[in-house]
Amino acid sequence: MTYNIGIEVGSVSTDIVVLDSSGNEIESRYVRTYGSPLKVTLEQLEEIFNTYDGAKNLGVTGNAGKRIAGELGIPFVNEIVAQSRGAMHLFPEAGTVMEIGGEDSKLIRLEPGENGDGKVVDFSLNSICAAGTGSFLDQQANRLKVSIEEFSELALKSENPPRVAGRCSVFAKSDMIHLQQQGTPDYDIIAGLCFAMARNFKGTLSKGKELVRPVVFQGGVAHNSGMIRAFLEILDLEESELFIPENPGCT
């Protein structure tokens, strides 16, 4: 059997998906790179090749993907194209894609087509600052001395998330310290951070434009239950209007 291998080399992880010749997912991997994207990617691909003898068709995307493509001599695919095609393959009716990774975030407006052959009609990207990305959440989790998994779970305990600055990590830290001095529970602070990030995304990437529904939420941050809750409320979405892939970090 011939296998197709999709690779994304992002800011914090290498994501690999193995598909069979019919486009069905066989395996997916999300592996943190810790500053060594080439080394980690080559290690993962070696394991993939040892497992799947028919692995022949490869493509790579991501902000570190061009370097990998050059090293391996394989095709490079633009991130907007790759992420929109992945979303439309899984959710042909999707009108908007929100993607939040380790240090990047994107909003992609789609025009749905038949059988997942829609097209991109507009998109916007975050600035160089990592505020509003997965790194922002990682930083705040470290400050509160909780894992990112605990961070996700604790956010759901809050009934009244406080207002926290979301456009700058420095301002967010100041707000967190102030809330801690007031005796605010950590789960409320964590939920406040999730809502701050959702507001930041809405204000900086959607820029007042209406989000065409349904919306696909993908990227590693889509694993975070607190962020899902925040986006549902901030974007005024019904649960049926927010689609999350089974493996959002690898879509």
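Everything below is about the structure shown above.
The present account deals with the structure reproduced in this document. Source: prediction; values computed, not measured.

## Digging into the sheet that holds strand β8 (residues 215-218)
The pairing of strands in a sheet comes from backbone hydrogen bonds and takes either a parallel or an antiparallel form.
Here is step 1 of the chain: As summarised here, the arrangement of the five strands in space is β7-β6-β5-β8-β9, forming an open sheet in which the pairing is mixed. Unpaired on one side and paired on the other, β7 (119-125) and β9 (242-243) mark the two borders of the sheet.
Here is step 2 of the chain: Set on the sheet, helix α8 (residues 225-234) makes contact with β5 (96-100), β8 and β9; between it and β8 the angle comes to about 155°.

## A short note on the packing of aromatic side chains
Here is step 1 of the chain: As enumerated under the stated definition, the model contains four aromatic pairs in all.
Here is step 2 of the chain: Members of the aromatic cluster, each reached through a chain of ring pairs, are Phe-201, Phe-217 and Phe-231.

## Looking at the packing of helix α7 (residues 186-206) against α8
Here is step 1 of the chain: Where α7 meets α8, the closest approach of the two axes is 8 Å, and the angle between their N-to-C directions is 50°. The angle between the axes of α7 and α8 places the two elements in the oblique class. Here α7 and α8 pass one another in a crossing that is right-handed. Contact with α7, carried on its side by Ala-191, Cys-194, Phe-195, Met-197, Ala-198, Arg-199, Phe-201 and Lys-202, involves Gly-226, Met-227, Arg-229, Ala-230, Phe-231, Glu-233 and Ile-234 of α8 and no other residues of that element.
Here is step 2 of the chain: Class assignment of the residues belonging to the contact of α7 with α8 gives a composition of ten nonpolar, one polar and four charged.

## Side note on the packing of helix α6 (residues 169-181) against α7
Here is step 1 of the chain: Following both chains from N to C, one finds α6 and α7 inclined at 155°, their axes separated by 10 Å at the closest point. Taken together, the axes of α6 and α7 lie roughly antiparallel to each other. Crossing angle aside, the handedness with which α6 passes α7 is right-handed. Facing α6, whose interface residues are Ala-172, Met-176, Leu-179 and Gln-180, α7 presents Asp-186, Ile-189 and Leu-193.

## Thoughts on a nonpolar patch on the surface
Here is step 1 of the chain: The grouping of Val-120, Phe-123 and Leu-125 at the surface amounts to a nonpolar patch, some 260 Å² of accessible area in total.
Here is step 2 of the chain: The residue Leu-125 is located in strand β7 in this model.
Here is step 3 of the chain: In this structure Leu-125 comes out as partly exposed when scored by relative accessible area, which is 47%.

## So, α8
Here is step 1 of the chain: Counting buried residues along α8, seven of its ten residues qualify, which places the element largely inside the surrounding structure.
Here is step 2 of the chain: Taken residue by residue, α8 has Gly-226, Met-227, Ile-228, Ala-230, Phe-231, Leu-232 and Ile-234 as its buried positions.
Here is step 3 of the chain: Between a side-chain oxygen at the N-terminus of α8 and the backbone nitrogen of Gly-226 the separation is 2.9 Å; the capping residue is Asn-224.
Here is step 4 of the chain: Phi turns positive, to about 55°, at Asp-236, one or two residues after α8.

Parameters at a glance
Residues numbered from 1 in each chain as written. Predicted model: local features only at pLDDT ≥ 70, side-chain atom pairs only at ≥ 80, totals over all residues. Heavy atoms only, no water. Pairing = 2+ DSSP bridges. Helix = DSSP H or I, 4+ residues; strand = E, 2+ residues; numbered from the N terminus. Contact = heavy atoms within 4.5 Å. Axes fitted to C-alpha atoms, helices over the stretch in contact; angles between N-to-C directions. Phe/Tyr/Trp six-rings, centres within 6.5 Å; stacked < 30°, edge-to-face > 60°. Parallel < 35°, antiparallel > 145°, perpendicular 65-115°, else oblique. Left-handed = near helix turned anticlockwise from the far one by under 90°. Nonpolar A, V, L, I, M, F, W, Y, C, P; charged D, E, K, R; others polar. Patch = residues over 30% accessible without salt bridge, like charges linked within 9 Å, V, L, I, M, F, W, Y side chains within 5 Å. Areas by Shrake-Rupley, 256 points an atom, 1.4 Å probe, with all protein chains shown as cover. Salt bridge = Lys/Arg side-chain N within 4 Å of Asp/Glu carboxyl O. Buried < 20%, exposed > 50% of the residue type's maximum accessible area, 1.4 Å probe, protein only. Polar contact = N/O pair within 3.5 Å; in protein donor to acceptor, adjacent residues only side chain to side chain.

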